[in-house]
Amino acid sequence: MKIGIMTFWWSEDNYGQLLQCYALQKYLRDQGHDPFLIRYDPRGDYSSSFKRKRKLNILNPKKVIKFLFKKALMFLSHEKCNRQFSQFRESYINSSDKIYYSYEELCQEPPQADCYIVGSDQVWNFYNMKLSDCRNLVHAYFLDFGKESIKRIAYAASWGKVDISKEFVEEISLLLAKFDYVSVREKTGIDICRKCGASNAEVCFDPTLLISAEQYRLLYRTESIIKHAKKYILIYRLGNPCDFPMRSLYKWATEKGLDVVYVTANGWYDSYEKIFPTITQWLALVDHAEYVITNSFHCCVFSIIFRKQFGVIPLIKSHSGMNSRIETLFDLFEITPRWIEDNNLSVLEKTVEYSIYDRDKFDKLSTIDCMKEI
């Protein structure tokens, strides 16, 4: 069956984004299907009023200085930041020939497929925007294009929050009614789906968990990966707001006799030395680390896949609702929460008991129930 997948794909520094896209395609190919990424780029598909407002907002002097400073840092570190994400997409992800820059283009020339799947990642998180500003994105990511006869499935789609407003519920309810199967990544997403009329929605693993550790190791073993000379902790920090205790982490690593390998998003500035690995190099770094400390959901997932000792920095402010995805992860694997809060690193001294990691149970939970609908 030919399957078009709507998910995020354009990042140049978010390893989890590309790996979840890769994993779902690989799983579907192994099941005998013909999956491909629908290359929808929503970054310019907002309302005219929103785009005008954003341009005016950019003219704020403080934001202009911050923007120019960030651009200067990215320019100066361009060579170091070459993570080769484009090469990974070209090598491992089957994609539509056309890039769709608007919902209108998706409607005018819809991808030819027998089935559409939306997910995983935060494809249903519209970041506290007004519906009028992002209506195109809503209809695109709720698969409101193509023939009615095409099956529509949500696989581990994430809302990235614990609730949505009434106007979104009313709009989305009509769209979700067309779906053959709905699954979400977080338990909190079940309640939102029910508000939108999808009473049979289920929680499903992120697609990165559909592939075994050995399958991921095959990716980096095809390259000449240089192993770190000393034992180390891996710190992976995305740009979302959080209280990251960097000084304490470095001090803790020194006390343990461990080096620190520090990976960040592009354009992140602080005084600590960083590296910018490729996707396959990043997998090897997680796999060989003594400890992993992160504020990234997918880095937590790969810590579990490779059975690492890890700690999680919770997100704060408007992003705190995204912590529910990690809470769900802890619950699914029966792991005592690994939060690092208030500069307290004691959780790193508590061993993750992977002896309760039952492979048979995991395989059963990992089965995509939506395959029954295809």
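Moving on, we get to the overall build of the chain. Helix and strand content of the chain: 14 helices and eleven strands. Burial status across the chain gives 56% buried among its 374 residues. In the chain, the proportion of contacts linking residues at least 24 apart, taken out of those at least 6 apart, comes to 77%. Of the accessible surface of the chain, which amounts to about 18,000 Å², a share of 50% is contributed by carbon and sulfur atoms.

Another aspect to go through is helix α10 (residues 246-255). Among the residues making up α10, those that are buried are M246, S248, L249, W252 and A253. Across the axial projection of α10, the buried residues extend over an arc of 160°, all falling on one side. Every exposed residue of α10 that faces more than 90 degrees away from the buried side is listed here: R247, K251, T254 and E255. Packing partners of the buried residues in α10 comprise β8 (232-237), β9 (259-264) and β10 (291-294).

Our next topic: the state of the cysteines. Scanning the model with the defined rule gives zero disulfides in all. Sulfur of C196: no disulfide; nearest cysteine sulfur belongs to C193 and is 6.7 Å away. Look at C196 and you get buried, because its relative accessible area is 3%. No disulfide involves C300; its sulfur sits 6.5 Å from the nearest other cysteine sulfur, which is in C299.

Across the eleven residues that make up helix α6 (residues 131-141), a large majority, eight, are buried. Of the residues making up α6, those classed as buried are L131, D133, C134, L137, V138, H139, A140 and Y141.

Attention shifts here to empty space enclosed by the protein. Under the counting rule described, the total for this entry stands at two cavities of 30 Å³ or more. The space that makes up the second largest cavity amounts to roughly 50 Å³. For the second largest cavity, the full set of lining residues is R185, C204, F205, D206, F297, R325, T328, L329 and L332. Looking at the lining of the second largest cavity element by element, the count peaks at four residues for helix α13 (residues 324-332). Split into classes, the residues belonging to the lining of the second largest cavity amount to five nonpolar, one polar and three charged.

Now for the layout of surface pockets. The computed volume of the second largest pocket comes to approximately 440 Å³. Taken together, 21 residues make up the lining of the second largest pocket; nearest its centre are I226, H228, V261, I275 and L285. Those elements that place two or more of their residues in the lining of the second largest pocket are β9 and α11 (279-288). Residue contributions to the lining of the second largest pocket peak at four residues, all from α11. The residue inventory of the lining of the second largest pocket, partitioned by class, reads twelve nonpolar, four polar and five charged.

Moving on, we come to the packing of helix α1 (residues 15-30) against α11. As a packed pair, α1 and α11 sit with axes 11 Å apart at the nearest point and diverge in direction by 100°. As summarised for this structure, α1 and α11 are arranged roughly perpendicular, according to the angle between their axes. Contacts between α1 and α11 involve Y15, L18 and L19 from the first element and I279, W282 and L283 from the second.

The side chains of a regular strand alternate, residue by residue, between the two faces of the sheet. Strand β2 (residues 34-40) sits mainly inside the fold: six of its seven residues count as buried. Of the strand pairs in this sheet, strand β1 (residues 2-6) and β2 are connected by four bridges, and their pairing is parallel. The partner of I3 across the bridge, within β2, is P35. Each parallel crossover has a hand, and the one from β1 via α1 to β2 is right-handed.

Now for the nonpolar core. Among the nonpolar cores identified, the biggest contains 110 residues, and M6, W124, F142, W159, Y216 and W282 are the most heavily contacted of them. Here this core gets nine residues from one element, more than from any other, and that element is α1. Within the second largest apolar cluster, 19 residues are counted, among which are I235, F244, M246 and W252.

Here we take up the packing of aromatic side chains. Enumeration according to the criterion identifies 27 aromatic pairs in this entry. For the ring pair F88 and Y92, a centre distance of 4.8 Å and an interplane angle of 40° mean the geometry is tilted. With F88 and Y92 both in helix α4 (residues 85-92) and four residues apart, this pair spans about one turn of that helix. What makes F88 buried here is its relative accessible area of 4%. Look at Y92 and you get partly exposed, because its relative accessible area is 25%. Taken together, a centroid distance of 4.9 Å and an interplanar angle of 75° make the contact between Y216 and F302 edge-to-face. Taken together, the positions of Y216 in helix α9 (residues 213-221) and F302 in helix α12 (residues 297-305) put the pair 86 residues apart, joining distant regions of the chain.

Evaluated as defined, the whole model comprises 18 salt bridges. Salt-bridge contacts for R185 lead to E186; the nearest nitrogen and oxygen are separated by 2.8 Å. For R217, the salt bridge identified is with D287, shortest N-O distance 2.7 Å. Of this pair, R217 sits in helix α9 while D287 sits in helix α11; the two residues are 70 residues apart in sequence, bridging distant segments of the chain. The pair formed by R217 and D287 is uniform in burial state, with each residue classed as buried. A single salt-bridge network, built from bridges that share partners, covers E214, R217, R221 and D287.

Calculation criteria
Residues numbered from 1 in each chain as written. Predicted model: local features only at pLDDT ≥ 70, side-chain atom pairs only at ≥ 80, totals over all residues. Heavy atoms only, no water. Helix = DSSP H or I, 4+ residues; strand = E, 2+ residues; numbered from the N terminus. Buried < 20%, exposed > 50% of the residue type's maximum accessible area, 1.4 Å probe, protein only. Contact = heavy atoms within 4.5 Å. Areas by Shrake-Rupley, 256 points an atom, 1.4 Å probe, with all protein chains shown as cover. Arc of directions from axis to C-beta. Disulfide = S-S within 2.5 Å. 1 Å grid on protein atoms, 1.4 Å probe; cavity = no way out; pocket = protein on both sides within 12 Å on 5 of 7 lines; lining within 4 Å. Points joined across faces, edges and corners; volume = space filled by probe spheres on them. Nonpolar A, V, L, I, M, F, W, Y, C, P; charged D, E, K, R; others polar. Axes fitted to C-alpha atoms, helices over the stretch in contact; angles between N-to-C directions. Parallel < 35°, antiparallel > 145°, perpendicular 65-115°, else oblique. Pairing = 2+ DSSP bridges. Right-handed = clockwise from strand over helix to strand, strands pointing away. Core = buried A, V, L, I, M, F, W, Y, C linked by side-chain atoms within 4.5 Å. Phe/Tyr/Trp six-rings, centres within 6.5 Å; stacked < 30°, edge-to-face > 60°. Salt bridge = Lys/Arg side-chain N within 4 Å of Asp/Glu carboxyl O.

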